[in-house]
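Spelled out from the first residue to the last, the chains are:
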Amino acid sequence: MRELISIVVPMYFEEEVAQECYNRLKIVMDENYINYEFVFVNDGSTDRTMEILSNISSFDPQVKIVNFARNFGHQTAVTAGIDYASGDAIVIIDADLQDPPEVIPELIGKWQDGFEVVYAKRKKRVGETKFKLLTAKYFYKFLNYMSDIDIPKDTGDFRLIDRKVADVFKQMTERNRFVRGMFSWIGFKQTFIEYERDERFAGETKYPLKKMIRFASDGIVAFSTKPLKLVMSLGFFSVLISFGVLVYTILVKLFGHEVEAGWASIMVAITFFSGIQLLGMGIVGEYIARIYDESKNRPIYVVKETVGFGDRSHEPLSRTKVEAEN
């Protein structure tokens, strides 16, 4: 039997894209004679996304749908897609068609050559602003500097993973998920292909600046303790400055000069040390918040319904046991 390739597509308010995304994917898979299934994950969309997907599934048995009870986020939707996929290899691709489906056969080719993770690296990003390109560039530089693992730059979640990588991924139950970092941490034999990223087919980006900052925070906190070490370094630096001020004051006094109290110097000292303290508390608080979030032991996501899976058992992990009755 030919190897089965699962195509995982997270969707959130993609009614303008859903049909075209399916059409492009199907053409690529059929023209290359690939044995496949589509696993679309509706991440709590309240537009017509689920209606369109259900209609597609009604006439194409290769289409399967996981419908969340609410919006749980892109990285969680990717996680659910991997949980429910049954392929020998799994391709993760966004619905907006910025990552062209036509690249998928090349990913599969590298996998057939023996690689277990094949990620797609952008060599050109069409239709994106200079601000977006600049922030993306420094995002990866900063992330790799702060993280304890190497995360390839100019990559997203568009990649292929082998079944054994997916099985390891399923054992990782953290709730604040940074999927591309998790794949880097897992290891195995990895390589990349290069491609040109297209403009978004329709709709708006689901990653504005605020979400990108949060995304970067997830990546840094999940894979590094460097921020905590940075706080310790700042604390040590502050002690050195305080000691220097003390020595200066003593020397001035010994040489017979009056030490004049200045409002400006006092305010600078207070705000400087207060700022470091607040920064340190904020960083420590972020780690404590993650610990609190994990300690609640809630499911990572809640599935409202599944479509197209038939009678096949599909309960990948305890994290998906909370599944609402249809």
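1. Details of the overall build of the protein
Across its full length, the protein holds 10 helices and 8 strands. For the protein, the proportion of its 326 residues judged to be buried stands at 45%. Relative to all contacts within the protein whose residues are 6 or more apart in sequence, the contacts with residues 24 or more apart total 81%. When the accessible area of the protein is evaluated, it comes to approximately 17,400 Å², of which 59% is carbon and sulfur surface.

2. Some details on helix α3 (residues 74-84)
With respect to burial, α3 is a largely interior element, 11 of its 11 residues being buried. For α3, the full list of buried residues reads His74, Gln75, Thr76, Ala77, Val78, Thr79, Ala80, Gly81, Ile82, Asp83 and Tyr84.

3. Quick look at the confidence of the model for the protein
With 59% of its residues at a pLDDT of 70 or more, the protein shows a mean pLDDT of 76. Helix α8 (residues 209-223) is the least confidently modelled element of the protein, averaging 61 in pLDDT, while strand β4 (residues 89-92) averages 94, the highest of any element. Below pLDDT 50 for its whole length, residues 313-318 participates in 11 contacts with residues either more than four positions away or in separate chains.

4. With respect to the pairing of strand β6 (residues 155-162)
Of all the 8 residues making up β6, 8 are buried; the element is thus mostly covered by neighbouring parts of the structure. Taken together, the 4 bridges between β4 and β6 define a ladder with antiparallel strand orientation. Each residue of the ladder has a partner; that of Ile90, found in β6, is Ile161.

5. So, the environment of Arg70
One can find Arg70 in the loop between β3 (63-68) and α3. Residue Arg70 is classed as partly exposed on the basis of its relative accessible area of 48%. With 234 residues separating them along the chain, Arg70 and Lys304 place their C-alpha atoms 8.3 Å apart. In contact with Arg70, other than residues within four places in its own chain, are Asp43 and Gly44.

6. Notes on helix α1 (residues 18-31)
Relative to the 20 Å expected for 14 residues at 1.5 Å per residue, α1 spans 20 Å between its end C-alpha atoms, a close match to the ideal helical length. Among all positions of α1, only Ala18, Cys21, Tyr22, Leu25, Val28 and Met29 are buried. Here the buried residues of α1 occupy an arc of 135 degrees about the axis, which is enough to place them on one side. As for α1, its buried residues are in contact with β1 (5-11), β2 (36-42), α2 (49-59), β3 and α4 (104-112).

Definitions and cut-offs
Residues numbered from 1 in each chain as written. Predicted model: local features only at pLDDT ≥ 70, side-chain atom pairs only at ≥ 80, totals over all residues. Heavy atoms only, no water. Helix = DSSP H or I, 4+ residues; strand = E, 2+ residues; numbered from the N terminus. Buried < 20%, exposed > 50% of the residue type's maximum accessible area, 1.4 Å probe, protein only. Contact = heavy atoms within 4.5 Å. Areas by Shrake-Rupley, 256 points an atom, 1.4 Å probe, with all protein chains shown as cover. pLDDT = per-residue confidence, 0-100. Pairing = 2+ DSSP bridges. Expected span 1.5 Å × (residues − 1). Arc of directions from axis to C-beta.

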